[in-house]
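# Commentary on secondary and tertiary structure
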Amino acid sequence: MRKKILAANWKMNLTHSEAESYLETFLSEIGQVNDVEIVIIPPFTAIPALVSASEKVAFLRIGAQNMHWEKNGAFTGEVSATMLRALYVKYVIIGHSERRMLFGETDEIVNRKVRSALDAGLRPILCVGESLHERDSGEVEEVLRRQLRKGLENVVEKDLSEIVVAYEPCWAIGTGRSATPVEAEQSHAFIRSDLSELFGATAADRVRIQYGGSVKPENAEDLMRQKNIDGALIGGASLDPRSFARIIWRAEAALA
Ligand code: PGA
């Protein structure tokens, strides 16, 4: 059984003090959570405050949105996996489509980051997904296959269990237009079968594959009911602690 993982990607939003009040509201809203894992992924500046405020909350982890692949050195403006690990960060998003599109991250850069995260003991959330143009020209599988194979180059089978894959079709991100459960499940099933070709069926079966792209309380349950959808990466709708809590309840309802 793969434990569902619901992650809030705040992107470039909320100061550290806004993050603290968010957490307070969120924790009082959500109460106790047993069956799903929750990750909050704030900007770097809010990580220390959230880590210390969530120390005693077993179901909650804190993540980072990006990292550099080198351990240290002359890379002005960058943060390394070692630095994140030292803050007790557990997950790091790698290859988000905004990083790929706005900051020129290639599959090769994504792969370096994945391997460096694993070396440092961080769990990568590897984002993959096609653009609208690629979907319209029937290239979804080709794009996913390329992003997975290059992103996971030189990753060995035993490390695969540390990795979460996030399927995020670019046309669904921040647009309000989510993939339908059937569309999403199709891509998730393809991702799992490709992982199975690469690493074997047993290892592929353990990997959690999140869906991301306009997830909200209204569509979360139907998405989470799909066989190969093991959680969600949520942007816009995670910025309100009550709406993030409602999404988690819908995910729990999907387990029933
Ligand atoms: P969205 O973003 O939920 O606002 O569509 C998802 C993401 O970019 O991870």
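Remember, predicted model here, so these are calculated numbers, not experimental data.

Right, let's talk about the site of the ligand for a bit. Around the ligand there are 13 residues in total, and Lys11, His96, Glu168, Gly174 and Ser214 lie nearest to it. At 2.8 Å from an oxygen atom of the ligand is found a main-chain nitrogen or oxygen belonging to Ser214. Taking 280 Å² as the accessible area of the ligand by itself, protein coverage stands at 96%.

The subject of this paragraph is helix H1 (residues 16-30). With 15 residues, H1 extends 21 Å between its outermost C-alpha atoms, agreeing within 8% with the 21 Å of an ideal straight helix rising 1.5 Å per residue. If you follow the buried residues of H1, they end up packed against strand E2 (36-41), helix H2 (47-53), strand E3 (60-64) and helix H12 (241-255). Taken from the residues just after H1, Gly31 is the one with a positive phi, measuring 65°.

Two side chains of opposite charge can pair, provided their charged atoms sit close to one another. Scanning the model with the defined rule gives 22 salt bridges in all. Asp230 is paired through a salt bridge with Arg2; the nearest N and O atoms lie 2.9 Å apart. One end of the pair, Asp230, is in the loop between helix H11 (217-224) and strand E8 (231-234); the other, Arg2, is in the segment before strand E1 (4-9), and 228 residues separate them in sequence. Each of the two residues, Asp230 as well as Arg2, counts as buried. For Arg246, the salt bridge is made with Glu218, and the minimal N-O distance between the two is 3.6 Å. In this pair, Arg246 sits in helix H12 while Glu218 sits in helix H11, placing the two residues 28 residues apart along the sequence. Taking the relative accessible area as the measure of exposure, Arg246 reaches 39% and is therefore partly exposed. Look at Glu218 and you get exposed, because its relative accessible area is 60%. A single salt-bridge network, built from bridges that share partners, covers Arg2, Arg192, Asp205 and Asp230.

Turning our attention to the pairing of strand E6 (residues 164-167). Judged by which residues are buried, E6 turns out to be covered on both faces: Val164 and Ala166 on one side and Val165 and Tyr167 on the other are all buried. Pairing geometry for strand E5 (residues 123-128) and E6, over four bridges, is parallel. Considered in E6, the bridge of Val128 is made with Tyr167. The pairing of E6 with strand E7 (residues 208-212) spans four bridges and is classified as parallel. Note on E7: the bridge partner recorded for Tyr167 is Tyr211.

What follows covers the layout of surface pockets. In this structure, the largest pocket encloses a volume near 420 Å³. For the largest pocket, the lining is made up of 15 residues, of which Lys11, Met12, Gln65, Arg99 and Phe103 are closest to its centre. In terms of residues, the lining of the largest pocket owes the most to one element, helix H4 (residues 97-102), which gives three residues. A per-class count over the lining of the largest pocket returns seven nonpolar, five polar and three charged. Computed from the structure, the second largest pocket encloses a volume of approximately 240 Å³. Around the second largest pocket sit Val51, Ser54, Glu55, Val57, Ala58, Leu60, Arg61, Ile62, Arg85, Tyr88 and Lys90, which together line it. When residues in the lining of the second largest pocket are grouped by element, the largest group, three residues, is from E3. A class-by-class count of the residues in the lining of the second largest pocket yields six nonpolar, one polar and four charged.

Okay, the nonpolar core next. Core analysis: the biggest nonpolar cluster contains 70 residues, and Ile40, Leu152 and Leu195 have the highest contact counts within it. Broken down by element, this core gets its largest block of residues, six residues, from H12.

Inspection of the secondary structure puts Ser214 in the loop between E7 and H11. Here Ser214 is in contact with Ala172, Gly174, Thr175, Gly176, Arg177, Ser178 and Asn219, once residues within four sequence places are set aside.

This part covers unusual backbone geometry. One non-glycine residue, Lys11, lies in positive phi territory at about 55°. Within the secondary structure, Lys11 sits in the loop between E1 and H1. With phi around 70°, Tyr88 is a residue other than glycine that occupies positive phi space. Here Tyr88 lies in the loop between helix H3 (81-86) and strand E4 (91-94).

The rules behind each value
- Residues numbered from 1 in each chain as written.
- Predicted model: local features only at pLDDT ≥ 70, side-chain atom pairs only at ≥ 80, totals over all residues.
- Heavy atoms only, no water.
- Near = heavy atom within 4 Å.
- Polar contact = N/O pair within 3.5 Å; in protein donor to acceptor, adjacent residues only side chain to side chain.
- Areas by Shrake-Rupley, 256 points an atom, 1.4 Å probe, with all protein chains shown as cover.
- Helix = DSSP H or I, 4+ residues; strand = E, 2+ residues; numbered from the N terminus.
- Expected span 1.5 Å × (residues − 1).
- Contact = heavy atoms within 4.5 Å.
- Salt bridge = Lys/Arg side-chain N within 4 Å of Asp/Glu carboxyl O.
- Buried < 20%, exposed > 50% of the residue type's maximum accessible area, 1.4 Å probe, protein only.
- Pairing = 2+ DSSP bridges.
- 1 Å grid on protein atoms, 1.4 Å probe; cavity = no way out; pocket = protein on both sides within 12 Å on 5 of 7 lines; lining within 4 Å.
- Points joined across faces, edges and corners; volume = space filled by probe spheres on them.
- Nonpolar A, V, L, I, M, F, W, Y, C, P; charged D, E, K, R; others polar.
- Core = buried A, V, L, I, M, F, W, Y, C linked by side-chain atoms within 4.5 Å.

What is shown is where atoms sit, not what they do.
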